[in-house]
Amino acid sequence: MKNDLIKSLTNDFEDHSQSTESGIEFWFARNIQHLLGYSEWRNFNKVISKAKTSCEVFNNLILDHFVDVNKMVVIGSGTEFNLPQKKLFSNTNIL
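A short tour of the structure in this document, coming up. Remember, predicted model here, so these are calculated numbers, not experimental data.

**Quick look at the packing of aromatic side chains**
Throughout the structure, instances matching the rule amount to five aromatic pairs. With centroids separated by 6.2 Å and ring planes inclined at 70°, the aromatic side chains of W41 and F44 adopt a geometry described as edge-to-face. One end of the pair, W41, and the other, F44, are both in helix α3 (residues 41-57), three residues apart, so they sit about a helical turn from each other. Pair check on accessibility: W41 and F44 agree, each one buried. Taken together, the aromatic side chains of F26, F28 and F89 make up a single cluster linked through ring pairs. Sitting over the face of the ring of W41, R30 holds its NZ or CZ atom 4.1 Å from the ring centroid. Across the ring face of F28, the terminal group of K71 is positioned such that the distance to the ring centre comes to 5.8 Å.

Conventions adopted
Residues numbered from 1 in each chain as written. Predicted model: local features only at pLDDT ≥ 70, side-chain atom pairs only at ≥ 80, totals over all residues. Heavy atoms only, no water. Phe/Tyr/Trp six-rings, centres within 6.5 Å; stacked < 30°, edge-to-face > 60°. Helix = DSSP H or I, 4+ residues; strand = E, 2+ residues; numbered from the N terminus. Buried < 20%, exposed > 50% of the residue type's maximum accessible area, 1.4 Å probe, protein only. Lys NZ or Arg CZ within 6 Å of the ring centre and 35° of its normal.

Just distances and angles here, no functional claims.
Listed below in structure tokens is the structure:
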């Protein structure tokens, strides 16, 4: 049962991965927050901020792991809204 659960969670996580034009794997943080048990963006964003601090402490470049971007979304009135987003790169998990 444990192996099946691990395989299922891994597949869910990989289903949300994307790649840059140069083939570097990343995830949009808002797309995977629920997979990591965070129902609210503000709580997940706090964890990301701590991970960024960890980068600095260990002399890693934050931009190698996290990139702030905006994603245009359409809200109920049909208006487009710039939603703050973060790209998390595959090497982020080593922090």
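Resuming the write-up.
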